[in-house]
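One-letter residues, chain by chain:
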Amino acid sequence: MGPDLGTWDRYLGMEGRSWGCTKQGSGCPQPRCLRLPAVEHRLRACCLCHDTEETFAPELLEQVRDLELQGVSAAESGDVSTALERFNEAIRLLPERASGYNNRAQALRLKGDVAGALRDLDTAIRLARGCGRAACQSFVQRGLIRRLQARDEDARRDFQRAARLGSAFARQQLVLLNPYSALCNQMLCEMLGRLRNPNSAGSD
């Protein structure tokens, strides 16, 4: 059984709305991650693996980041068409940069083009060589799509790879995909609830 839309919303909240890094920030070797809590950012160290941003021309990279930031802002305001235009231009300028495909995949999914989103996620993972923040986010996005498609084994593999790159959300999804762990968690919650409220059991 796939996740409900609330699961995706929780992912968007926890993982910086799954958009890629777009602007340089202080205290981190990688570009700033939109809406990513500072503590979580430091702990995960941008998914524990450096992206290869330094291989691109600085002026062109800054232009592409600005386009992606415009795309993110447009998508978050509900203008998905404009977001796609900005992401398309970013990809045209730097077709070898994984972040653009990860961001466009999110916009395509919002538009309902799941097949297109999956193609972009595959491309992002390939370009990132399965490492770095863009790959981490792409594995999680692809895992969520595969859960929605009831492809739980494929989803598990993607979440495992994202978890190895530092995604706390992916680790949570792996627990949910393990029926024994999920059952144990449910039983533990019930036991703790009875310990906290011993009178409630007798009132049923």
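Look up: the structure comes first, before these words.
Here we take up the overall build of the chain. Along its length, the chain carries 11 helices and two strands. Listing every helix and strand of the chain by position from the N terminus yields α-β-β-α-α-α-α-α-α-α-α-α-α. The 204 residues of the chain split such that 48% are buried. Sequence-distant contacts, at least 24 apart, represent 58% of the contacts inside the chain between residues at least 6 apart. Of the roughly 10600 Å² of accessible surface on the chain, 54% is carried by carbon and sulfur atoms.

All right, on to the pattern of salt bridges then. All chains considered together, the criterion is met by 10 salt bridges. Of the charged contacts, one joins Arg-151 and Asp-154 as a salt bridge, the two residues approaching to 3.0 Å between their closest N and O atoms. When salt bridges that share partners are traced, they join Asp-122, Arg-142, Arg-146 and Asp-158 into one network.

Viewed as axis vectors pointing N to C, helix α4 (residues 80-93) and helix α5 (residues 98-111) meet at an angle of 155°, and their least axial separation amounts to 9 Å. Overall, the two elements α4 and α5 adopt an arrangement that is roughly antiparallel. Where α4 crosses over α5, the two elements pack in a sense that is left-handed. Residues Val-80, Leu-84, Phe-87, Asn-88 and Ile-91 of α4 pack against Gly-100, Tyr-101, Asn-103, Arg-104, Ala-107, Leu-108, Leu-110 and Lys-111 of α5. Here the residues of the contact of α4 with α5 are counted per class, giving eight nonpolar, three polar and two charged.

Our focus in this paragraph is helix α8 (residues 152-164). Its 13 residues give α8 an end-to-end C-alpha distance of 18 Å, which sits within 8% of 18 Å, the value for a rise of 1.5 Å per residue. Those residues of α8 that fall on the buried side of the exposure criterion are Asp-154, Ala-155, Asp-158, Phe-159, Ala-162 and Ala-163. Turning to α8, the residues buried within the fold contact α7 (133-148) and α9 (168-177). One or two residues past the end of α8 sits Gly-166, with phi positive at roughly 110°.

Criteria and thresholds
Residues numbered from 1 in each chain as written. Predicted model: local features only at pLDDT ≥ 70, side-chain atom pairs only at ≥ 80, totals over all residues. Heavy atoms only, no water. Helix = DSSP H or I, 4+ residues; strand = E, 2+ residues; numbered from the N terminus. Buried < 20%, exposed > 50% of the residue type's maximum accessible area, 1.4 Å probe, protein only. Contact = heavy atoms within 4.5 Å. Areas by Shrake-Rupley, 256 points an atom, 1.4 Å probe, with all protein chains shown as cover. Salt bridge = Lys/Arg side-chain N within 4 Å of Asp/Glu carboxyl O. Axes fitted to C-alpha atoms, helices over the stretch in contact; angles between N-to-C directions. Parallel < 35°, antiparallel > 145°, perpendicular 65-115°, else oblique. Left-handed = near helix turned anticlockwise from the far one by under 90°. Nonpolar A, V, L, I, M, F, W, Y, C, P; charged D, E, K, R; others polar. Expected span 1.5 Å × (residues − 1).

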